[in-house]
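# Secondary and tertiary structure notes
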Amino acid sequence: KMSGLYSITNDKLLDEDSELLSETSSRLKAAEWILKNDTYEHVGDSKSFIQRYVLALLFFSTNGSRWKTRNGFLNGQLHECNWYGIVCDHNHGVVTEIKLPNNNLNGPLVHEIGVLSALRVLDLSSNKQLVGAIPTEISDLWSLRVLNFEDSGLLGTIPQEFKNFRNLEQLKMKNNHLQGKIPILGNLNKLEILDLSSNKFTGSILEDT
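Throughout what follows, the structure given in this document is the object of discussion. Small disclaimer: the values here were computed from a predicted structure and weren't measured. (Residues numbered from 1 in each chain as written. Predicted model: local features only at pLDDT ≥ 70, side-chain atom pairs only at ≥ 80, totals over all residues. Heavy atoms only, no water.)

Attention now moves to the state of the cysteines. Counting across every chain of the model gives one disulfide. Paired through a disulfide, Cys-81 and Cys-88 show a sulfur-sulfur distance of 2.1 Å. Torsion about the S-S bond of the Cys-81 and Cys-88 cystine: about -95 degrees, corresponding to left-handed handedness. Each of the two residues, Cys-81 as well as Cys-88, counts as buried. (Disulfide = S-S within 2.5 Å. Buried < 20%, exposed > 50% of the residue type's maximum accessible area, 1.4 Å probe, protein only.)

As structure tokens, this is what we get:
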């Protein structure tokens, strides 16, 4: 487990200045859960190990103990595909959907979520205490079809890398605290639903930034 943990944290456990060494760090809590409480037999499945760490990190960074519903989440005896809000491709055991709308998520969205490369749906809508900036690493989710952050508390800008979401069909970010210029989205040929209303954007969607 330690070698797998080092691979996902880029050896940050060895860094004296790392956030992992802070007792209040969500990353430390996720690492401790993996090392001390996760009893699921991975049998050398590195994908499952990484998924469990990232999902545990999401849980701790958004105050998961106070989620409205968290049935099975962080149950160390269950496969992560059986945790609340998680949908998988069971043929390959990879997480394809995270759906936790209106579930009292409270805290920032961690950049490690960009590691879940098979993710097709990310729905964290209607969580007013989901705060902070949108991690640029989300743009690494090439398979993403639905991205729904509407009615949340996100700040900052939409990363310019979002223009590379070639498979994106729905982008919903209305009613946040986003601002700045909107990335060029005209090359998202599969986009069917776009809602960026009730933010503080400037410029045009098709405008060259």
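So, next bit.
On to the pairing of strand β2 (residues 94-99). Taken residue by residue, a regular strand's side chains alternate between the two faces of the sheet. With four bridges connecting them, strand β1 (residues 86-89) and β2 associate as antiparallel partners. Counted as the bridge partner of Ile-86 is Ile-98 from β2. (Pairing = 2+ DSSP bridges. Helix = DSSP H or I, 4+ residues; strand = E, 2+ residues; numbered from the N terminus.)

Before going further, it helps to examine the packing of aromatic side chains. Summed over all chains, the structure comprises seven aromatic pairs. Their ring planes at 90 degrees and their centres at 5.3 Å tell us that Phe-59 and Phe-60 sit as a pair that is edge-to-face. Judged by relative accessible area, which is 7%, Phe-59 ranks as buried. Pairing Phe-59 with Trp-67 gives two aromatic rings, centres 5.1 Å apart and planes at 65 degrees, and the pair type is edge-to-face. Take Trp-67: its relative accessible area is 5%, and that puts it in the buried class. Put simply, the rings of Trp-33, Phe-59, Phe-60, Trp-67, Phe-73 and Trp-83 touch in pairs and so form one group of aromatic residues. (Phe/Tyr/Trp six-rings, centres within 6.5 Å; stacked < 30°, edge-to-face > 60°.)

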